[in-house]
Amino acid sequence: VQLQASGGGLVQAGGSLRLSCAASGRTFSSYAMGWFRQAPGQEREFVASISRSGGSTYYADSVKGRFTISRDNAKTTVYLQMNSLKPEDTAVYYCAAKSALFGDSSMATLYGYWGQGTQVTVSS
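These numbers were taken from a predicted model, which means no experiment stands behind them. (Residues numbered from 1 in each chain as written. Predicted model: local features only at pLDDT ≥ 70, side-chain atom pairs only at ≥ 80, totals over all residues. Heavy atoms only, no water.)

A.B. asks: What's the story with the side chain of aspartate 89 in this structure? I'm lost.
C.D. replies: Mapping aspartate 89 onto the fold places it in the loop between strand 8 (77-82) and strand 9 (91-98). We classify aspartate 89 as buried; its relative accessible area is 1%. (Helix = DSSP H or I, 4+ residues; strand = E, 2+ residues; numbered from the N terminus. Buried < 20%, exposed > 50% of the residue type's maximum accessible area, 1.4 Å probe, protein only.)

A.B. asks: It is not clear to me how the pattern of salt bridges should be interpreted in this structure. Could you clarify?
C.D. replies: Any two side chains of opposite charge can pair, given that their charged atoms come close. One pass over the structure, following the stated rule, counts four salt bridges. A salt bridge links aspartate 89 to arginine 37, with the shortest nitrogen-to-oxygen separation between them at 2.9 Å. Of this pair, aspartate 89 sits in the loop between strand 8 and strand 9 while arginine 37 sits in strand 4 (residues 32-38); the two residues are 52 residues apart in sequence, bridging distant segments of the chain. In this pair, the class of aspartate 89 matches that of arginine 37, namely buried. One salt bridge connects arginine 66 with aspartate 89, and the closest N-O pair in it is separated by 2.8 Å. Here aspartate 89 lies in the loop between strand 8 and strand 9 and arginine 66 lies in the loop between strand 6 (57-59) and strand 7 (67-72), a separation of 23 residues in the sequence. Here the salt bridges share partners, and the residues they tie into one network are Arg37, Glu45, Arg66 and Asp89. (Salt bridge = Lys/Arg side-chain N within 4 Å of Asp/Glu carboxyl O.)

A.B. asks: What's the story with the state of the cysteines in this structure? I'm lost.
C.D. replies: Structurally, a disulfide amounts to a covalent bond that connects the sulfur atoms of two cysteines. Evaluation of the coordinates by the stated rule reveals one disulfide. Note on cysteine connectivity: cysteine 21 is disulfide-linked to cysteine 95, with sulfurs 2.0 Å apart. Negative torsions about the S-S bond denote left-handed disulfides, and the value of about 60° found for cysteine 21 with cysteine 95 makes this one right-handed. Note that cysteine 21 is positioned in strand 3 (residues 17-23) and cysteine 95 in strand 9, a separation of 74 residues in sequence. The exposure classification of cysteine 21 matches that of cysteine 95, with both residues buried. (Disulfide = S-S within 2.5 Å.)

These figures capture arrangement, not role.
Here you go:
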């Protein structure tokens, strides 16, 4: 599966952005999906994940209550709605498809397919 992330940009603190990740291929619904982010000089970190059906979601504590992950299997797209953005949310955001059927969805090593990343910058 190939992934194309979009929707990043520059926003003021307290603002909102919605990221999209369009997937190619007919097998999109067979993958759990995740969003990760990487700030300069830091390791890539988990943001959110969603199950294959969309019925289960999981968030990092740092974004819980502010970010919402969703998916549309008919459109083969996963979204990340980001509200109440903070300067510390500044990073390159990556979408990923989880290759492993089981395992902790916050572990980047379980994701076999990655998009190219989209930059999110939050100014104070």
